[in-house]
Amino acid sequence: MNPSILRIATRKSALALWQAEHVAALLRAAHPGLTVELVPMSTRGDEILDQPLATIGGKGLFLKELEVAMLEGRADLAVHSLKDVPAQLEPGFVLPAILPRADAADAFVSNHYPDLAALPHGARVGTSSLRRQAQLCSLRPDLVLLDLRGNVGTRLGKLDAGNYDAIVLACAGLERLGLAARIRSRLAAPDWLPAPGQAAIAIEAREGQSHVLALLAALDDADTRLTITAERAMNQALGGSCTVPVGAWCVLGEHRLHLRGMVGDAASGRLLHAEGSSPDDQAIALGQQVAAALLAQGAGELLGL
């Protein structure tokens, strides 16, 4: 490996390339003289667009090819949306850097209606996220929820073609692509919970690559790592799957963490909520505590545990 060159494995979507370029720019700024190259590739999650992610293996499908590239020496690191990263990484991989979190809210996007409440009875709303479907069904059981896969541009194109009355996307993705004007209203905590890790960019690398890990450490945001650790610990204690309706939102203040968690049922709109607080050095225990409270309410039944 050439220590003066870092190669970033990335998906080919506009958002993935933006995130990889963003990380590349940060690395060049932190380490003058370092050459950073992108290695774009396609993943199974990008290629299988005619089925919901939950039925074909979950969001981990976006990682596999990038991890293979690192194992084979074709790349030194990979850049992911953290919400796509399973709670349990494949053996031999670590997350040496998590960037400061952007706006973690979901975006209500529509060409005709300003917010969720304004949708007419029976309106068609597009999202393939079971977490979003569960919360939509809870708030508006009259809506017709339809699957929506593809990258951000593809999803917006389907909305503009009239296939949906509204769609739900992540605010952070739209903002990063310069599409913030498409956001009609925000669906945000505490009333609406994002996916664990939503709006944070994670950098994955191989264990033992000390030179690479040292370069990446400069990009890690300690506060974001604390809140994300609690959210991911909760998700892992609930089974760790990206294919179940789980929401989490952790905030840090005065050396204490406060975590809200949600488990839902996309079919019935039934939602279970729990929350807890802890010192900021007990993030994993806090996540496990909130997960236990959800399981005590019957979350295991909703999650098929």
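Scroll up to find the structure.
Since we're looking at a predicted model, the values are computed, not measured. Throughout, residues of each chain are indexed from 1 in the direction in which the sequence is written. Two thresholds apply to this predicted model, a pLDDT of at least 70 for residue-level local features and 80 or more for giving and counting side-chain atom pairs, whereas whole-chain, interface and lining totals are computed over all residues. Computation of side-chain values covers all heavy atoms of the structure but excludes hydrogens and water.

A. Up close: the nonpolar core. The nonpolar core is taken to be a set of buried Ala, Val, Leu, Ile, Met, Phe, Trp, Tyr and Cys residues, with the residues joined through side-chain atoms within 4.5 Å. Burial status follows relative accessibility: with a 1.4 Å probe on protein chains alone, a residue under 20% of its type maximum counts as buried, one over 50% as exposed, and anything between as partly exposed. Of all hydrophobic cores here, the largest spans 20 residues; its most connected members are Met 234, Leu 238, Leu 259, Val 263 and Leu 294. Each helix is a run of H or I in the DSSP string that is no shorter than four residues. Each strand is a run of E no shorter than two, and both are numbered from the N terminus. Taken together, the elements giving at least two residues each to this core come down to helix H9 (222-237), strand S11 (246-253), strand S12 (256-264), strand S13 (271-279), helix H10 (283-296) and helix H11 (299-303). When residues in this core are grouped by element, the largest group, five residues, is from H10. Contacts are assigned to residue pairs with any non-hydrogen atoms lying within 4.5 Å of each other. Residues in contact with Leu 294, not counting those within four places in the same chain, are Met 234, Leu 238, Gly 261, Met 262, Val 263, Leu 272, His 273, Ala 274 and Ala 299. If you look at the next biggest cluster of nonpolar residues, it comprises 19 residues, including Ala 20, Val 79, Leu 99 and Leu 215.

B. Molecular detail of the pattern of salt bridges. When a carboxyl oxygen of Asp or Glu lies within 4 Å of a side-chain nitrogen of Lys or Arg, that pair is called a salt bridge. In this structure the tally under the stated criterion is 13 salt bridges. In this structure, Arg 74 engages Glu 72 in a salt bridge whose closest nitrogen and oxygen atoms are separated by 2.9 Å. Judged by relative accessible area, which is 54%, Glu 72 ranks as exposed. The salt bridge involving Asp 106 is made with Arg 131; its shortest N-O contact spans 2.9 Å. Pair noted here: Asp 106 is in strand S5 (residues 106-109) and Arg 131 is in helix H5 (residues 130-139), with a separation of 25 residues, a long-range link. Counted as one network, the salt bridges with shared partners bring together Arg 11, Lys 83 and Asp 84.

C. Region of the structure containing the layout of surface pockets. In this model, the second largest pocket occupies a volume close to 260 Å³. A cavity, in this analysis, means grid points on a 1 Å lattice covering only the protein atoms where a 1.4 Å probe fits yet has no way out; a pocket is instead an open set bounded by protein on both sides within 12 Å along at least five of seven lines, and a residue lines either one if it has an atom within 4 Å of a point. Lining the second largest pocket, in full, are Ala 87, Gln 88, Leu 89, Leu 95, Ile 98, Arg 225, Ile 228, Thr 229, Arg 232, Ala 233, Gln 236 and Ile 284. Contributions of two or more residues to the lining of the second largest pocket are made by strand S4 (93-98) and H9. At six residues, H9 tops the list of elements feeding residues into the lining of the second largest pocket. Residues are grouped as follows: Ala, Val, Leu, Ile, Met, Phe, Trp, Tyr, Cys and Pro are nonpolar; Asp, Glu, Lys and Arg are charged; all remaining types, including Gly, are polar. Its residues assigned to classes, the lining of the second largest pocket shows seven nonpolar, three polar and two charged. Grid points are joined across faces, edges and corners, and a volume is the space filled by probe spheres set on the points.

D. Main features of the sheet that holds strand S6 (residues 124-126). Two strands are said to pair when DSSP picks up at least two bridges between them. Pairing is mixed in the open sheet, where five strands are placed in the order S7-S6-S8-S5-S9. Both outer strands of the open sheet, strand S7 (144-146) and strand S9 (185-187), are each paired with one neighbouring strand and no more. Between one strand and the next, the sheet's axes are offset by a mean angle of 30 degrees, whatever the strand orientation. Note on geometry: axes are lines fitted to C-alpha atoms, helical ones only across the stretch in contact, with angles between N-to-C directions running from 0 to 180 degrees. Helix-sheet contacts for helix H6 (residues 152-160) involve S5 and strand S8 (166-170), and the interaxial angle to S8 is about 165 degrees.

E. Highlighting the pairing of S11. Bridge analysis of S11 against S12 gives eight bridges, and the strand direction is antiparallel. For Gly 247, the partnering residue across the bridge sits in S12 and is Met 262. Following S11, the chain reverses through two residues before pairing antiparallel with S12; Glu 254 in that reversal takes a positive phi of roughly 50 degrees.

F. Quick look at unusual backbone geometry. With an omega of 10 degrees, the peptide bond running from Ala 189 to Pro 190 counts as cis. The phi dihedral of Glu 254 is positive, around 50 degrees, even though this residue is not glycine. By secondary structure assignment, the location of Glu 254 is in the loop between S11 and S12. Positioned with a positive phi, His 255 is a non-glycine residue whose angle comes to about 65 degrees.

G. View of the side chain of Asp 280. Structurally, Asp 280 can be placed in the loop between S13 and H10. A residue counts as positive if it is Lys or Arg and as negative if it is Asp or Glu; His and the chain ends are not included. Within the buried core, Asp 280 has no salt-bridge partner, and the shortest N-O distance to an opposite charge, that of Arg 256, equals 8.6 Å. The contact partners of Asp 280, leaving out residues within four places of it in the chain, are Leu 226, Leu 252, His 255, Arg 256 and Leu 257.

H. Main features of H5. In terms of residue burial, H5 counts as a mostly covered element, since seven of its ten residues are buried. For H5, the complete set of buried residues consists of Arg 131, Arg 132, Gln 133, Ala 134, Gln 135, Leu 136 and Cys 137. Polar contacts, as used here, are pairs of N or O atoms within 3.5 Å; protein pairs need one atom able to donate a hydrogen and one able to accept it. Residues neighboring in sequence count only if both atoms are side-chain atoms. Put simply, Ser 129 is the residue that caps the front of H5, since its side-chain oxygen is 3.3 Å from the backbone nitrogen of Arg 131.

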